[in-house]
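# Structure assessment
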Amino acid sequence: MPLSSLPSKYGIGTMGRSAYEFVDFLKVAGQSYWQLLPLGPTSCGNSPYSSSSTFAGNHNYIDLDMLIADGLLKRNEIAKIDWGTDAAAADYDKVNAHRLELLHLAYSRGRERYASDTEKFRSENPWVETYALYSALKVRFDGASWFEWPDRELRLHKAEAVEKYRAELSDETEFYCFLQMLFYSQWGKLREYAGENGVKLIGDIPIYVALDSADLWSEPEFFLLDEEHMPTMVAGCPPDAFTAEGQLWGNPLYDWDKMKADGFGWWIRRIEGAGKLFDLMRIDHFRGLESFWAVPVEEKTALNGHWVKGPGLALTKMLGEWFWNMSFIAEDLGVITGEVRQLVKDSGFPNMSVLQFAFDAHGDSDYLPHNCGKNTVCYVGTHDNDTVLGWLAHSSKEDVDYAREYMHITQDEGWCWGMIRTGMATPCELFIVPMQELLELGGECRMNTPGIAEGNWLWRMKPGVASKKLAKKMREYTQRYRRL
């Protein structure tokens, strides 16, 4: 359940009342985990997997009602804004048009009162200095990407140029530090509440960072770039079940040799940062750690890429040893080879099994429940899948018939709850179900369609639908399969 998908009056889900009510729903439903999408700031396309920072929180998730209660905003200042009328879809245009203006107002009223809190946050989170300056520079240059900034020395992150602009933009930089303090404060209280109610938070670590990000701008030495700090090869994946031409993500690729020589310090800092937000983490595109698909930057599709060896066990072993008290999930979907399977096994991390990929009438899929192992996390589908009802509408009759027989789907139970029951019955240690399936929603409510740049990440849950009756039904299924 993405944070953005929670109900709210302000165009997008936040860390406010609805988030706490969702934790209450999970507790009544007997659930122990809430998996979220990445929480970072988003840009064009609104994808949480394309963020301007691997550390920062999205200021759009800061709850405005909490700022009203704290005296930083007034209700009439918010009420006069048009936040959109569709409760079932996030309105990113309206959110982006108004949220920063209100947060600047809150900053003007709270900067002195929260000066010590902001300074404490800055001292405990050194990354925020770079992110805040980067964000201030984006404003200074009318939203232009760092590689379009007019000062070449600044583009190349030369120390003298960086310090010059840091002094010039000190107030705007402080504003973005203030926002991160607010975000982490609100998130910390929500995480504490979840923990008190027996709910652990699963985060998602995107394998790559965005080209237009504070991470690449400030530490280009860890990426495969030319003398202007632009990538020569970019990330993607070859043709698969989602797209015939593969997926051209366009992210810069890591210089794994330099990262390894540095003791993977960049990754240590990254996971330490995520540990301040989540209790355990899914590592996105885990197969890219064994080998990754590299595409020449001039290509328009991912067809003409090639496989390049990744860091493999050197990185996963370091993560397991350094973060010995933290749990990881290996997202091992896509083109999976024997080498990838071996890396997953050697890492000790549980892998993923997706029920929507299981039912091939002519083959014995690894994702079929009888092929799943205990050290696996079973999903009905992920954010990249259609909903069950959408999948049903677009699958072949043979596959649907096979799935119906395998899962003993009945008209009374329906497909969504039949798949939930099937996932519950697997030997997998953990089972995750998208909220859309509990609500039995159609394909129009899917979160993302891979390979399509626009129109994604919109779905929101309507107020009141996460009812006590629904929680009771989920609890009954959970208890039946001894998962409480």
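Note that this is a predicted model, so its numbers are computed, not measured.

### Observations regarding the overall build of the chain
- The secondary structure content of the chain amounts to 19 helices and 11 strands.
- Whereas a compact globule of 484 residues would reach a radius of gyration of roughly 23 Å, the chain reaches 23 Å, a difference of no more than 12%.
- The dimensions of the chain, computed from C-alpha atoms along their principal axes, are 70 × 55 × 40 Å.
- For the chain, buried positions account for 56% of its 484 residues.
- Counting only contacts in the chain whose residues sit at least 6 apart along the sequence, the fraction spanning at least 24 positions is 74%.
- Counting every atom, the chain has about 21100 Å² of accessible surface; 51% of that belongs to carbon and sulfur.
- For the chain, the distance from the average site of its 50 positive side-chain charges to the average site of its 69 negative ones is 7 Å.

### Brief notes about the sheet that holds strand S11 (residues 430–432)
- In space, the 3 strands of this open sheet follow the order S9-S10-S11, with parallel pairing throughout. Pairing within the sheet leaves two strands with one partner each, and these edge strands are strand S9 (351–354) and S11. Between one strand axis and the next, the sheet turns by 25° as a mean value, whatever way the strands run.

### Things to note about the packing of aromatic side chains
- What the rule picks out here adds up to 39 aromatic pairs.
- When the ring of Phe121 is compared with that of Tyr184, the centres are 5.2 Å apart and the planes differ by 50°; the resulting orientation is tilted. Pair noted here: Phe121 is in helix H5 (residues 115–124) and Tyr184 is in helix H9 (residues 170–196), with a separation of 63 residues, a long-range link.
- Judged by its relative accessible area of 9%, Phe121 falls in the buried class.
- Aromatic rings pair up to connect Tyr208, Phe223, Trp249, Tyr254, Trp256, Phe264, Trp266 and Trp267 into one cluster.
- Above the ring of Trp267, the side-chain terminus of Arg270 is found at 5.0 Å from the ring centroid.
- Geometry around Tyr477 places Arg480 over its ring, the cationic atom sitting 4.8 Å from the centre.

### Description of empty space enclosed by the protein
- The full count for this structure, using the stated rule, is 1 cavity of 30 Å³ or more.
- Looking at the largest cavity, its volume works out to about 80 Å³.
- Surrounding the largest cavity, 14 residues form its lining, Ser4, Leu37, Pro38, Pro48 and Tyr61 being those nearest its centre.
- The residue makeup of the lining of the largest cavity, split by class, is 10 nonpolar, 4 polar and no charged.

### Focus on the packing of helix H6 (residues 127–140) against helix H8 (residues 159–168)
- Remark: H6 packs on H8, axes separated minimally by 10 Å, with the N-to-C direction vectors making an angle of 75°. Of the possible angle classes, the one that applies to H6 and H8 is roughly perpendicular. Two secondary-structure elements touch here, H6 through Glu129, Leu133, Leu137 and Arg140 and H8 through Val162, Tyr165, Arg166 and Glu168.
- Of the residues that constitute the contact of H6 with H8, the class distribution is 4 nonpolar, no polar and 4 charged.

### Looking at H6
- Taking 1.5 Å of rise per residue, 14 residues should cover 20 Å, and H6 covers 20 Å from first to last C-alpha, within 8% of that figure.
- Taking burial as the measure, the 14 residues of H6 include 10 buried ones, the bulk of the element.
- Here H6 has its buried residues at Trp127, Val128, Tyr131, Ala132, Leu133, Tyr134, Ser135, Ala136, Leu137 and Lys138.
- Against the buried residues of H6 lie H5, helix H7 (152–155), H8, H9 and helix H10 (214–218).

### Looking at the pattern of salt bridges
- Summed over the entire model, instances satisfying the criterion amount to 28 salt bridges.
- The closest approach of N and O atoms between Arg17 and Glu21, which form a salt bridge, is 2.8 Å. Note that Arg17 and Glu21 are positioned in helix H1 (residues 17–28) at a spacing of 4 residues, about one turn of the helix.

### A short note on the side chain of Asp284
- Looking at where Asp284 falls in the secondary structure, it is placed in the loop between strand S5 (280–283) and strand S6 (291–296).
- Within the structure, the side chain of Asp284 is placed 3.5 Å from the backbone nitrogen of Ile207, a separation counted as a polar contact.
- Excluding anything up to four places from it in sequence, Asp284 contacts Tyr49, Asp204, Ile205, Pro206, Ile207 and Glu331.

### Observations concerning the layout of surface pockets
- Taken as a whole, the second largest pocket holds about 720 Å³ of empty space.
- Around the second largest pocket, the lining is made up of 42 residues, and of these Gln35, Phe431, Ile432, Val433 and Pro434 lie nearest the centre.
- Breaking the lining of the second largest pocket down by element, the ones donating at least two residues are H1, strand S1 (33–35), S11, helix H18 (435–438) and helix H19 (468–480).
- For the lining of the second largest pocket, the element with the highest residue contribution is H18, accounting for 4 residues.
- Tallied by class, the residues present in the lining of the second largest pocket amount to 22 nonpolar, 12 polar and 8 charged.

### Here we look at the pairing of S6
- The element S6 is largely enclosed, with a buried count of 6 among its 6 residues.
- Alternating positions in S6 separate into two faces, Ser291, Trp293 and Val295 on one and Phe292, Ala294 and Pro296 on the other, with burial throughout.
- Both strand S3 (residues 233–237) and S6 contribute to a ladder of 4 bridges, which runs antiparallel. Opposite Ala235, over in S6, you have Ala294 as the bridge partner.
- In this structure, S6 lies alongside strand S7 (residues 306–309), joined through 4 bridges in antiparallel fashion.

### Topic: the environment of Pro350
- Mapped onto the elements, Pro350 comes out in the loop between helix H14 (338–347) and S9.
- We classify Pro350 as buried; its relative accessible area is 18%.
- Along the sequence, Pro350 and Met15 sit 335 residues apart, while their C-alpha atoms lie 29 Å from each other.
- For Pro350, the residues in contact, after removing those within four places along its chain, are Phe328, Ile329, Ala330, Asn375, Thr376 and Val377.

Quick notes on the rules
Residues numbered from 1 in each chain as written. Predicted model: local features only at pLDDT ≥ 70, side-chain atom pairs only at ≥ 80, totals over all residues. Heavy atoms only, no water. Helix = DSSP H or I, 4+ residues; strand = E, 2+ residues; numbered from the N terminus. Rg over C-alpha atoms; globule rule 2.2 N^0.38 Å. Buried < 20%, exposed > 50% of the residue type's maximum accessible area, 1.4 Å probe, protein only. Contact = heavy atoms within 4.5 Å. Areas by Shrake-Rupley, 256 points an atom, 1.4 Å probe, with all protein chains shown as cover. Lys, Arg positive; Asp, Glu negative; His and termini not counted. Charge placed at Lys NZ, Arg CZ, Asp CG, Glu CD. Pairing = 2+ DSSP bridges. Axes fitted to C-alpha atoms, helices over the stretch in contact; angles between N-to-C directions. Phe/Tyr/Trp six-rings, centres within 6.5 Å; stacked < 30°, edge-to-face > 60°. Lys NZ or Arg CZ within 6 Å of the ring centre and 35° of its normal. 1 Å grid on protein atoms, 1.4 Å probe; cavity = no way out; pocket = protein on both sides within 12 Å on 5 of 7 lines; lining within 4 Å. Points joined across faces, edges and corners; volume = space filled by probe spheres on them. Nonpolar A, V, L, I, M, F, W, Y, C, P; charged D, E, K, R; others polar. Parallel < 35°, antiparallel > 145°, perpendicular 65-115°, else oblique. Expected span 1.5 Å × (residues − 1). Salt bridge = Lys/Arg side-chain N within 4 Å of Asp/Glu carboxyl O. Polar contact = N/O pair within 3.5 Å; in protein donor to acceptor, adjacent residues only side chain to side chain.

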